[in-house]
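One letter stands for each residue in the lines below.
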Amino acid sequence: MSLWNPDVDHRLNVRIEEPSGDPEADLKAGIGLLTAVRDGDAPAALRIYRPDPTLAFGQRDVRLDGYALAVARSLEHGFAPVVRKAGGRAAAYHRGTVIVDHVEPAAEAMMGHQHRFKVLGALYAEALRRGGIDARVGEIAGEYCAGEYSVHGMPGTASRTRNAVKLVGTAQRVVSGAWLFSSVFVIEDSSPIRALLDDVYQAMEIPMDPATVGAADDLLPGYTTERFIADLLAEYALHAELVGA
């Protein structure tokens, strides 16, 4: 059995992709992979890519009076607005971030819902600690798209920030027969994400402290997306057989 699945151990096919140029299509591709895995048309997988600039709104955001203004602010900042099916509030990403879609078949997919948040959050913090970042699981006060099992990083002596910053947001979509655990890792170049989220959350009148918006390289200058992907796969390899890594 695997760390995140107490019933069965699946090999994970690693798919490192380039963005398609259509952020909405890239987002929907994760749902397409979930359907394929559920139907037995694709094996369990880790889909990894660095996205084009995107602002992913949550389902609750679209019902707010300030949503239209938030969409306009997103476009002004050069980020494509999309609406995702999983997750809470708005989250932003660009080529300095890494998106990981972990998809597996499961006969009782809903049964392990909370367990996956807990153990995969811990795995992601361990992956960042491999690179020398003091990463911890848990919500920090004032963070965007707040989550109990999000991952934050603590500043060190070489850090460019003196406060904890959110590094990983996680979301999950479960269907009968499979689950998708989707995560955004903010690794490089936090400034445009911080500026955008500050404007967007103000437009939607959602409290958020922009000081909590950061990237791994704010805490460890020189840390890159390439290094993070290597650290992530090394951590996954402790718990599953990876194919194509």
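Residues numbered from 1 in each chain as written. Predicted model: local features only at pLDDT ≥ 70, side-chain atom pairs only at ≥ 80, totals over all residues. Heavy atoms only, no water.

Observations concerning helix α4 (residues 191–204)
Threshold: Numbering of helices and strands starts at the N terminus; helices are DSSP runs of H or I of at least 4 residues and strands are runs of E of at least 2. Helices are assigned an expected span. That span is 1.5 Å times one less than the residue count. Here the term buried applies to any residue with accessible area under 20% of the maximum for its type, exposed to any over 50%, and partly exposed to those in between, with areas from a 1.4 Å probe on protein chains only. This arc corresponds to the set of directions leading from the helix axis out to the C-beta atoms. Residues count as neighbours in contact if any of their non-hydrogen atoms are within 4.5 Å of one another.
Spanning 14 residues, α4 covers 20 Å between terminal C-alpha atoms, matching the ideal 20 Å at 1.5 Å per step. Residues of α4 that are buried include every one of Ile193, Leu196, Leu197, Val200, Tyr201, Ala203 and Met204, and no others. On an axial view of α4, the arc spanned by its buried residues comes to 150°, and they lie on one face. Where the residues of α4 are buried, they touch β3 (54–57), α2 (67–76), β5 (91–93), β6 (97–105) and β10 (178–186). Glu205, located one to two residues past α4, shows a positive phi value of around 60°.

Regarding the side chain of Thr225
Relative to the helices and strands, Thr225 is located in helix α6 (residues 225–236). We classify Thr225 as buried; its relative accessible area is 1%. When sequence neighbours within four positions are dropped, the list of residues in contact with Thr225 reads Arg50, Arg95, Gly96, Thr97, Val98, Ile187 and Glu188.

Description of the packing of aromatic side chains
So the rule is basically this: Pairing of aromatic rings covers Phe, Tyr and the six-membered ring of Trp, with a centre-to-centre limit of 6.5 Å; geometry is then stacked below 30 degrees between planes, edge-to-face above 60, and tilted otherwise.
Counting across every chain of the model gives eight aromatic pairs. When the centroid spacing of 5.4 Å and the interplanar angle of 65° are considered together, the rings of Trp4 and Tyr236 count as edge-to-face. Linking Trp4 in the segment before β1 (12–17) with Tyr236 in helix α6, this pair joins segments that are 232 residues apart in sequence. For Trp4, a relative accessible area of 1% corresponds to the buried category.

Some thoughts on the sheet that holds strand β2 (residues 45–49)
Picture the strands of a sheet paired through backbone hydrogen bonds; they go either parallel or antiparallel. Put simply, the test is: Should DSSP find at least two bridges between two strands, the strands are regarded as paired.
With mixed pairing, the eight strands of this open sheet are ordered in space as β7-β8-β9-β10-β6-β2-β1-β11. Each edge of the open sheet carries a strand with a single partner, namely β7 (134–137) and β11 (242–243). Across five bridges, β2 lies against β6 in antiparallel orientation. When the bridges of β6 are listed, Arg47 appears paired with Asp101.

Focus on the pairing of β10
Taken across its nine residues, β10 has eight buried, putting it largely inside the fold. Bridging between β6 and β10 involves nine bridges; their strand directions are antiparallel. Its bridge partner being in β10, Ile99 is matched across the sheet by Val184. When strand β9 (residues 165–175) meets β10, the two strands line up antiparallel, connected through eight bridges. Each bridged residue has a counterpart across the sheet, and for Val168 the counterpart in β10 is Phe185.

Details of the nonpolar core
A general feature of soluble globular proteins is that nonpolar side chains tend to end up buried together. What counts is decided by this rule: Within this scheme, the nonpolar core is defined by two criteria: the residues are buried Ala, Val, Leu, Ile, Met, Phe, Trp, Tyr or Cys, and they are joined through side-chain atoms within 4.5 Å.
Trp4, Tyr124, Leu128, Phe228, Leu232 and Tyr236 are the most contacted members of the largest nonpolar core, which totals 39 residues. When residues of this core are traced back to their parent elements, those giving at least two are β1, β2, β6, α3 (113–130), β9, β10, α5 (216–219) and α6. Those residues in contact with Leu128, other than ones at most four positions away along the chain, are Ile133, Ala135, Val151, Leu167, Val168, Ile187, Tyr223 and Phe228. Counting 23 residues, the second-largest nonpolar core is a separate cluster that includes Ala90, Val186, Leu197 and Ile206.

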